[in-house]
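Single-letter residue listing:
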Amino acid sequence: MITGSTRLAGVIGHPVRHSLSPALHNAGFASSGADWVYAAFEVAPGEARSALDAMLALGIGGLSVTMPHKDAVAGLVDELEPAAAALRSANTVTLTADGRLVGASTDGEGFVGSLAADGIEVAGASVAVLGAGGAARSVIDAVARAGAATVVVLNRTSQRAEQAVALAPNVARVGTEADLAGVHIVVNATSIGMGAPPEATAEVPFDPAVLGPEHLVVDIVYHPLRTPLLVAAEARGARCIDGLGMLVHQAVGQQVRWTGLVPDAAAMRAAAERELAARHQ
Ligand code: NAP
């Protein structure tokens, strides 16, 4: 029940009406007993400052930030957590009790957290990341912070791969498809495979013939959940993890920051799956 003491959180983005975040977060608040509600706010490009001013004026306790505002928000908050500072990008804003805005980037910790929830340890592992966009950079930064032994980055545009590698110079290097056979964890962080019928393609980001039972393949694309890469990797005997785990766990990290309470990741995943299934009917 919404009362006079209910706190408000939401997502800002453009476009944002398709976002899974309201379903995810409201299920999370219900699971932890937090007296919070979560809404979606359509915020036009260039209007991030106005959204943060509204947050302060209305006492909105937390915001998720999505395209195209992540980089702008990182430059506008009072303080950045370390991952957000390294990435110069924030997907989370928290209003503190003393009225300050703190920016965080929870995508990478969500990636590592989702693997940990499945019993997979990143520390000491060799990881290959396909892609060098915003999501890939979060993953590269987080697996390096979590103690990955090596991180090989493959990207269509080599200059962006070199920039991404600079996030973790001690363990990361630019690689090629020849590196994939020798790593433990292969992560698709490109947008290849994204899209439901009729726009879906059978495209995969690399030749799955290099995969075998020794590989763990994570596709961070979650629309559809079973991407062409995961279908092919499963056929090769690889262990597979879909992109919803990262989405859920980055949202868990946001709620912990906003409410101090830990929501139930399984309840949040179930809500997101129901929402995705409803859209495909
Ligand atoms: P982005 O910044 O636009 O980066 C896109 C990446 O995909 C770039 O590395 C790009 O390579 C590569 N790419 C795109 N089309 C390609 C093609 N045809 N061939 C080869 N490479 C191609 O996007 P993003 O924000 O990083 O998101 C990437 C994907 O991750 C999206 O599907 C998004 O939905 C998903 N995602 C999932 C989560 C989650 O929680 N599971 C979180 C964030 C994002 P170039 O550099 O050469 O252009």
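Preceding this paragraph is the structure being described.
What this report covers is the structure whose coordinates are included nearby. Owing to the predicted nature of the structure, the values given are computational and were not obtained by experimental measurement. (Residues numbered from 1 in each chain as written. Predicted model: local features only at pLDDT ≥ 70, side-chain atom pairs only at ≥ 80, totals over all residues. Heavy atoms only, no water.)

1. Some remarks on helix H5 (residues 107-117)
Structurally, the α-helix is built with 3.6 residues per turn, so residues lying three or four positions apart point the same way.
Item 1. Those residues of H5 lying buried are Asp107, Gly108, Gly110, Phe111, Val112, Ser114 and Leu115.
Item 2. Along its buried surface, H5 packs onto helix H3 (70-74), helix H6 (134-145), strand S10 (185-188), strand S11 (216-219), strand S12 (239-241) and helix H9 (244-259).
Item 3. Downstream of H5 by one or two residues, glycine 119 has phi in the positive range, about 80°. (Buried < 20%, exposed > 50% of the residue type's maximum accessible area, 1.4 Å probe, protein only. Helix = DSSP H or I, 4+ residues; strand = E, 2+ residues; numbered from the N terminus. Contact = heavy atoms within 4.5 Å.)

2. Details of the nonpolar core
Item 1. Ranked by internal contacts, the top residues of the largest apolar core, which has 30 residues, are Phe111, Leu115, Val129, Val143, Val151, Ile185 and Val187.
Item 2. Those elements that place two or more of their residues in this core are H5, strand S7 (126-130), H6, strand S8 (150-154), helix H7 (158-165), S10 and S11.
Item 3. Ranked by residue count, the leading element in this core is H6, at five residues.
Item 4. If near-sequence neighbours (up to four positions away) are discounted, isoleucine 185 is found in contact with Leu115, Ile120, Ala125, Ser126, Val127, Ala128, Leu216 and Val218. (Core = buried A, V, L, I, M, F, W, Y, C linked by side-chain atoms within 4.5 Å.)

3. Some remarks on the site of the ligand
Item 1. In the region of the ligand, 20 residues are neighbours, and Ala135, Asn155, Thr157, Arg160 and Gly243 sit closest.
Item 2. At a separation of 2.9 Å, a nitrogen atom of the ligand approaches a polar backbone atom of isoleucine 220.
Item 3. Glycine 243 places a polar main-chain atom, nitrogen or oxygen, 2.9 Å from a nitrogen atom of the ligand.
Item 4. Calculation on the ligand without its partners gives an accessible area of 920 Å², and the protein chains cover 74% of this total.
Item 5. Going through the elements one at a time, H6 and H9 are the ones with two or more residues in the shell around the ligand. (Near = heavy atom within 4 Å. Polar contact = N/O pair within 3.5 Å; in protein donor to acceptor, adjacent residues only side chain to side chain. Areas by Shrake-Rupley, 256 points an atom, 1.4 Å probe, with all protein chains shown as cover.)

4. Describing the side chain of aspartate 179
Item 1. Residue position: aspartate 179 is located in the loop between strand S9 (172-174) and S10.
Item 2. Within polar-contact distance, the side chain of aspartate 179 engages the side chain of arginine 173 at 3.0 Å.
Item 3. Discounting chain neighbours no more than four positions away, the residues touching aspartate 179 are Val152 and Arg173.

5. Quick look at the pattern of salt bridges
Item 1. Per the counting criterion, the structure on display carries twelve salt bridges.
Item 2. Between arginine 100 and aspartate 98 there is a salt bridge whose closest N-O contact spans 3.6 Å.
Item 3. Overall, arginine 100 belongs to the partly exposed group, its relative accessible area being 30%.
Item 4. For glutamate 234, the salt bridge identified is with arginine 226, shortest N-O distance 3.1 Å.
Item 5. Several salt bridges converge on common partners, so that one network encompasses Glu79, Asp98 and Arg100. (Salt bridge = Lys/Arg side-chain N within 4 Å of Asp/Glu carboxyl O.)

6. Remarks on the sheet that holds strand S1 (residues 7-13)
Item 1. The strand order across the open sheet formed by six strands is S2-S1-S3-S5-S6-S4, and the pairing between neighbours is mixed. Lying at the two open borders of the sheet, with one neighbouring strand each, are strand S2 (36-42) and strand S4 (79-80).
Item 2. Of the pairings in the sheet, the one linking strand S3 (residues 62-65) to strand S5 (residues 92-95) comprises three bridges and is antiparallel in character. Note on S5: the bridge partner recorded for serine 64 is threonine 92.
Item 3. Packed onto the sheet, helix H1 (residues 21-32) meets S1, S2 and S3 and runs at close to 170° relative to S2.
Item 4. The strands that helix H2 (residues 48-58) touches are S1, S3, S5 and strand S6 (101-104); relative to S5, the one it contacts most, it runs at about 30°. (Pairing = 2+ DSSP bridges. Axes fitted to C-alpha atoms, helices over the stretch in contact; angles between N-to-C directions.)

So far we have only geometry, and geometry alone does not tell us how the molecule works.
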